[in-house]
Amino acid sequence: MRAFYSPPALIISALLTGLAQQPLQLGWLAWFSLVPFIFVMNRITTMRHFIIAGFIWGCTYYLTVIFWLATNLGTTALIGTISMIAAVLYCSLNIILICMLMKVVKNYYPHNWFWLLPFVWITIEYLRNMDVLTGGPWTALANSQLDFLTLAQNVEITGIYGISFWLIFINI
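This text gives an overview of the structure that appears in the document. These numbers were taken from a predicted model, which means no experiment stands behind them. (Residues numbered from 1 in each chain as written. Predicted model: local features only at pLDDT ≥ 70, side-chain atom pairs only at ≥ 80, totals over all residues. Heavy atoms only, no water.)

To continue, consider the nonpolar core. The nonpolar side chains of a soluble globular protein tend to be buried with one another. With 40 residues, the main nonpolar core has Phe37, Trp57 and Trp121 as its most contacted residues. Elements with a minimum of two residues in this core: α1 (7–21), α2 (35–43), α3 (47–65), α4 (77–108), α5 (117–129) and α7 (155–171). Beyond its immediate stretch of four places on either side in the chain, Trp121 contacts Leu34, Phe37, Trp57, Ile95, Ile98, Leu141 and Ile168. (Core = buried A, V, L, I, M, F, W, Y, C linked by side-chain atoms within 4.5 Å. Buried < 20%, exposed > 50% of the residue type's maximum accessible area, 1.4 Å probe, protein only. Helix = DSSP H or I, 4+ residues; strand = E, 2+ residues; numbered from the N terminus. Contact = heavy atoms within 4.5 Å.)

Right, dumping it as structure tokens:
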């Protein structure tokens, strides 16, 4: 069987997730924006495709979320653009790592692998947030839910990781 691999689906998924992070009050997009990403991961089988999927999704997502670095550094446009691209590529390693771990999980649990995606995602998000250089907490999925006060108040109990977990779980 030939694997279904769709870069446009990955790009749309990452764009929707990235737009949910912007101050446009589109946080509701995060409740279904990961569906194409999960669908593509369900259809691909090789580690190479998981890495490529993670790279495409990660670059698109981080470019959508941290595009402002190019103009907010107080430097020339060229230096700002280069540093933004470097940050996007570096931060995309997080999503590539998530995809690689999900390939390993998928090898052990080929039919139920997706139920472990929230745990893997949150673990990588937690490790990423321990170091400001790898994206920091301002790129967490939970930040997309700031406009929903009732949901955002759950952060007192679960932290941002509980909100991110819930978002990924709903997408599954």
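What follows is about the packing of aromatic side chains. According to the stated counting rule, one finds 13 aromatic pairs in the structure shown. For the ring pair Trp57 and Trp121, a centre distance of 5.6 Å and an interplane angle of 85 degrees mean the geometry is edge-to-face. Of this pair, Trp57 sits in helix α3 while Trp121 sits in helix α5; the two residues are 64 residues apart in sequence, bridging distant segments of the chain. For the pair formed by Trp57 and Trp121, the shared burial category is buried. Relative to Tyr161, the ring of Tyr126 lies with its centre 5.4 Å away and its plane at 75 degrees, an arrangement referred to as edge-to-face. Pair noted here: Tyr126 is in helix α5 and Tyr161 is in helix α7, with a separation of 35 residues, a long-range link. The structure contains a cluster of three or more aromatic residues connected by ring pairs, namely Trp113, Phe114, Trp115, Phe119, Phe165, Trp166 and Phe169. (Phe/Tyr/Trp six-rings, centres within 6.5 Å; stacked < 30°, edge-to-face > 60°.)

Glancing now at α7. Taking 1.5 Å of rise per residue, the 17 residues of α7 would be expected to cover 24 Å, yet its terminal C-alpha atoms sit only 19 Å apart, more than 12% below that figure. The axis of α7 is deflected most strongly, by about 65 degrees, at Tyr161. Turning to α7, its buried residues number three or more, namely Ile163, Ser164, Leu167, Ile168 and Asn171. Residues of α7 that are buried in the fold lie against α2, α5 and α6 (149–152). (Expected span 1.5 Å × (residues − 1). Bend = angle between axes of the 7 residues up to and from the residue.)

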